[in-house]
Amino acid sequence: MAMTVLNVIVTVLLVLTAVILIATVLLQPGESSGLGSIAGGAETFFGKNKAKSMEGKLALVTKVSAGVFIVCALVVAMIG
């Protein structure tokens, strides 16, 4: 019984992190492609306040939710 409760909790957490991961990836702006990004790409890549911007916060949330998703998926695989 304890395993089924743990399985339900981890599965619900897995679904929630999947939804958060999908939302944060979809909210991130697309990367510009072509030769124009070569000249101006360094300025935005090495920007000092990138972590404080909305893009930086979305990237952080994406990384954290991806890590939680992987851990939950491994736990569900080990339990089930």
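Now for a quick tour of the structure. (Residues numbered from 1 in each chain as written. Predicted model: local features only at pLDDT ≥ 70, side-chain atom pairs only at ≥ 80, totals over all residues. Heavy atoms only, no water.)

## A look at the overall build of the protein
- If you tally the helices and strands in the protein, you get three helices and zero strands.
- Counting over 80 residues, the protein shows a buried share of 12%.
- Summarising the internal contacts of the protein: among those between residues at least 6 apart in sequence, 91% fall at separations of at least 24. (Helix = DSSP H or I, 4+ residues; strand = E, 2+ residues; numbered from the N terminus. Buried < 20%, exposed > 50% of the residue type's maximum accessible area, 1.4 Å probe, protein only. Contact = heavy atoms within 4.5 Å.)

## A closer look at the packing of helix α1 (residues 2-27) against helix α3 (residues 54-79)
- The contact between α1 and α3 brings their axes to 8 Å, and the two run at 150°. Relative to α3, the element α1 lies roughly antiparallel. Two packed elements cross with a definite hand, and for α1 against α3 that hand is left-handed. (Axes fitted to C-alpha atoms, helices over the stretch in contact; angles between N-to-C directions. Parallel < 35°, antiparallel > 145°, perpendicular 65-115°, else oblique. Left-handed = near helix turned anticlockwise from the far one by under 90°.)

## Considerations on α1
- Here α1 spans 38 Å end to end across 26 residues, near enough to the 38 Å set by a 1.5 Å rise per residue.
- The set of residues buried in α1 consists of Val10, Leu14, Thr17, Leu21 and Thr24. (Expected span 1.5 Å × (residues − 1).)

## So, the side chain of serine 65
- With respect to the secondary-structure elements, serine 65 resides in helix α3.
- Residue class for serine 65 comes out buried when judged on its relative accessible area of 5%.
- Within the structure, serine 65 has its side chain in polar contact with the backbone oxygen of valine 61 (distance 2.9 Å).
- Excluding anything up to four places from it in sequence, serine 65 contacts Thr17, Ile20, Leu21 and Thr24. (Polar contact = N/O pair within 3.5 Å; in protein donor to acceptor, adjacent residues only side chain to side chain.)

## Focus: a nonpolar patch on the surface
- Taken together, the side chains of Leu13, Leu60, Val64 and Val68 make up a nonpolar region of the molecular surface, amounting to roughly 330 Å² of accessible area.
- Considering each element in turn, the nonpolar patch owes the most residues, three residues, to α3.
- Inspection of the secondary structure puts valine 68 in helix α3.
- Residue valine 68 is classed as partly exposed on the basis of its relative accessible area, which comes to 32%. (Patch = residues over 30% accessible without salt bridge, like charges linked within 9 Å, V, L, I, M, F, W, Y side chains within 5 Å. Areas by Shrake-Rupley, 256 points an atom, 1.4 Å probe, with all protein chains shown as cover. Salt bridge = Lys/Arg side-chain N within 4 Å of Asp/Glu carboxyl O.)

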